[in-house]
Amino acid sequence: MPLREESFVCMTCGTQYPPAASAPAACRTCTDERQYVPAPGQRWTTLAQIAVGHRNAFQQLEPNLFGIGTTPTFGIGQRALLVRTPHGNVLWDCITLLDEATIAIITALGGLAAIAISHPHYYSSMVAWSRAFDNAPILLHAADRDHVMRPDAAIEYWEGATREVVPGVTLTQVGGHFAGSTVLQWDAGAEGRGALLTGDTVQVVPDRQFVGFMRSYPNLIPLPPQEVARMAAVLDARRFDRIYGAWWDFHIERDAHAVVQASAARYAAWSRGMLRA
Ligand SMILES: [Zn+2]
Ligand SMILES: [Zn+2]
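Thresholds applied
Here the residue numbering is sequential within each chain, running from 1 through the sequence in written order. Going through the entries in the order they are written, you letter the chains from A and number the ligands from 1. In view of the model being predicted, local features appear only for residues whose pLDDT reaches at least 70, and side-chain atom pairs are presented and counted only at 80 or more, with totals across whole chains, interfaces and linings using the full set of residues. Hydrogens and water are ignored here; the side-chain numbers use all heavy atoms of the structure. The rule for donors is simple: N, O or S, within 2.8 Å of the metal, or within 3.2 Å if the metal is Na, K or Ca. Water isn't counted, so a site may look like it is missing partners. Here a site with four donors is tetrahedral if all angles are between 85 and 135 degrees, and a site with four or six donors is square planar or octahedral if opposite donors are over 155 degrees apart and the other angles are between 65 and 115; anything else gets the irregular label. A helix here means a DSSP run of H or I that spans at least four residues, while a strand means a run of E at least two residues long, and both kinds are numbered starting from the N terminus. Burial classes follow relative accessibility: with a 1.4 Å probe on protein chains only, a residue under 20% of its type's maximum area counts as buried, one over 50% as exposed, and anything between as partly exposed. Here, any two strands with at least 2 DSSP bridges between them count as paired. The nonpolar core is taken to be a set of buried Ala, Val, Leu, Ile, Met, Phe, Trp, Tyr and Cys residues, with the residues joined through side-chain atoms within 4.5 Å. Two N or O atoms count as a polar contact when they lie within 3.5 Å, although within protein this holds only if one can serve as hydrogen donor and the other as acceptor, and sequence-adjacent residues are included solely when both atoms are side-chain atoms.

1. Some remarks on the coordination of the zinc ion (ligand 2)
Stage number 1. For the zinc ion (ligand 2), the protein coordination sphere consists of H119 (NE2), H121 (ND1), H177 (NE2) and D200 (OD), at 2.1 to 2.4 Å.
Stage number 2. Around the zinc ion (ligand 2), the four donor atoms are arranged such that angles at the metal cover 96 to 157 degrees; this shape is classified as irregular.
Stage number 3. Positions of the donor residues of the zinc ion (ligand 2) along the chain correspond to the pattern H-x1-H-x55-H-x22-D. In this pair, H177 is assigned in the loop between β12 (169-173) and β13 (182-186) and D200 in the loop between β14 (195-199) and β15 (203-204), connecting sequence segments 23 residues apart. Grouping residues by exposure puts H177 and D200 together as buried.

2. Here's the deal with the coordination of the zinc ion (ligand 1)
Stage number 1. Donor atoms from the polypeptide that bind the zinc ion (ligand 1) are C10 (SG), C13 (SG), C27 (SG) and C30 (SG), placed at 2.3 Å.
Stage number 2. Of note is the zinc ion (ligand 1), whose four donor atoms meet at the metal with angles of 104 to 120 degrees in an arrangement that counts as tetrahedral.
Stage number 3. Each donor residue of the zinc ion (ligand 1) lies on the same chain, and together they follow the pattern C-x2-C-x13-C-x2-C. Of the two residues, C13 sits in the loop between β1 (6-10) and β2 (16-20) while C30 sits in helix α1 (residues 28-31), which places them 17 residues apart along the sequence. As far as the burial class goes, C13 and C30 line up, both buried.

3. Let's talk about the sheet that holds β2
Stage number 1. If you walk across this open sheet you meet the three strands as β2-β1-β3, and the pairing is antiparallel. In this open sheet, the two edge strands, each paired with only one partner strand, are β2 and β3 (44-45).
Stage number 2. Bridging between β1 and β3 involves two bridges; their strand directions are antiparallel. Residue pairing in the sheet places V9 in a bridge with T45 of β3.

4. A short note on the sheet that holds β14
Neighbouring strands of a sheet are bound in pairs by backbone hydrogen bonds; such pairs are parallel or else antiparallel.
Stage number 1. The six strands are arranged β11-β12-β13-β14-β19-β20 in an open sheet whose pairing can be described as mixed. The sheet terminates laterally at β11 (162-166) and β20 (251-252), the two strands that pair on one side only.
Stage number 2. As judged from the four bridges shared by β14 and strand β19 (residues 242-245), these two strands associate in the parallel manner. Bridge pairing in β19 places G199 opposite G245.

5. As for the nonpolar core
One recurring pattern in soluble globular proteins: nonpolar side chains tend to sit buried together.
Stage number 1. In this structure, L91, L112, I117, M126, W129, I138 and L140 are the most contacted members of the largest nonpolar core, which totals 32 residues.
Stage number 2. Those elements that place two or more of their residues in this core are α2 (47-51), β5 (65-71), β6 (80-83), α4 (126-132) and β9 (138-141).
Stage number 3. Core analysis: the next-biggest nonpolar cluster, separate from the first, contains 20 residues, V204, I243, I252 and V260 among them.

6. A short note on the side chain of T182
Stage number 1. Among the secondary structure elements, T182 is positioned in strand β13.
Stage number 2. Exposure remark for T182: the relative accessible area of 1% places this residue in the buried category.
Stage number 3. Within the local environment of T182, its side chain forms a polar contact with the backbone oxygen of G180, the two atoms lying 2.8 Å apart.

Structure, rendered in structure tokens:
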């Protein structure tokens, strides 16, 4: 008799792997230099096990924008964002836990027209989410194709600099942290001034006055200053006044466009040793 297959989930990064009789030998997301295997070693779980003791919390951040995050924190700890538009709802970034309540609430809000994810650390259980919402397409930048641990027919690899998801919602490849690192521009956000949903492509930092740019956040690997300058030029061409980062409450409410440019200038100055210590 064949062994029962499970879709194993890495407990450190929350990535779900394809169904298999036994867990993978290692998590390729965590053995990459941008992540880590914790001191106790690699540990695996399943969606059913996570659902015991965890649940998802919802918060309305502004009209037609909801945060969705798992409590207590699981994996990396990001929260996803649900953007509602007249052309369908877009899930920005993803979290691992998908339970019946989450499906019922999102269905009541209109379901999902598409899932778009900033970078591989938040791919999580994207395939399970797609299947729960009529095989909603999952838009991933093609530059990060090799980091997909659970390939699926629902994944659409997009190429180039920008991609419209639905009218008023546009993805832009910014790069930096990952080659395919992306941000989402929501034109109707911030009372029509535009909101940028950034994951950790552009990391809102704890003071919420600046943003950061890193190759690895946990392992503190910086980006070359010329790469940050290039990212800032890409972001300068986008229209937004507010940024929603990857974590609960990590937002820049106003003047976020100027904050990005000031943050890139600060990064450049420190890289060249031009600031006082
Ligand atoms: Zn992992
Ligand atoms: Zn990341």
